[in-house]
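One-letter residues, chain by chain:
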Amino acid sequence: MMPMDEVIRAIEKADKEDIQDILHAAMERYRELYPDWKIQFVSVDPNATDERSVKLRKWMLLAEQIFEI
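Residues numbered from 1 in each chain as written. Predicted model: local features only at pLDDT ≥ 70, side-chain atom pairs only at ≥ 80, totals over all residues. Heavy atoms only, no water.

Peer 1: Explain a nonpolar patch on the surface to me, please; I cannot follow it from the model alone.
Peer 2: Together, Ile 11, Ile 19, Leu 23 and Phe 41 line one region of the surface with nonpolar side chains, adding up to about 300 Å² of accessible area. With respect to the helices and strands, the residue Ile 19 is situated in helix H2 (residues 16-33). On the basis of relative accessible area, Ile 19 is assigned to the partly exposed category, the value being 31%. (Patch = residues over 30% accessible without salt bridge, like charges linked within 9 Å, V, L, I, M, F, W, Y side chains within 5 Å. Areas by Shrake-Rupley, 256 points an atom, 1.4 Å probe, with all protein chains shown as cover. Salt bridge = Lys/Arg side-chain N within 4 Å of Asp/Glu carboxyl O. Helix = DSSP H or I, 4+ residues; strand = E, 2+ residues; numbered from the N terminus. Buried < 20%, exposed > 50% of the residue type's maximum accessible area, 1.4 Å probe, protein only.)

Structure below.
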């Protein structure tokens, strides 16, 4: 097994395609460890203009305010 500091360095160097796989694997592992918990990953292009993205961005801004992110 790779030492954690090497894992972190590899994640830091991940490209766009690899980061998608890393996030998916981490979320699946989290679901295995905490099956009763809900987990979501949300990302949106801040420059998107379609209705769905605009609504999602507003929801994200509200969450940032609530949780002081």
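Peer 1: Is there a simple way to think about the packing of aromatic side chains in this case?
Peer 2: Pairs of aromatic rings are described using the distance from one ring centre to the other and the angle between the two planes. Applying the stated criterion across every chain yields a total of three aromatic pairs. Pairing Tyr 30 with Tyr 34 gives two aromatic rings, centres 4.8 Å apart and planes at 40 degrees, and the pair type is tilted. You can call Tyr 30 partly exposed: its relative accessible area is 31%. Look at Tyr 30 and Trp 37: their rings are 6.5 Å apart centre to centre, the planes differ by 70 degrees, and that puts the pair in the edge-to-face class. A network of ring pairs unites the aromatic residues Tyr 30, Tyr 34 and Trp 37 as a single cluster. (Phe/Tyr/Trp six-rings, centres within 6.5 Å; stacked < 30°, edge-to-face > 60°.)

From the geometry alone we can't say anything about function, so treat these as descriptive.
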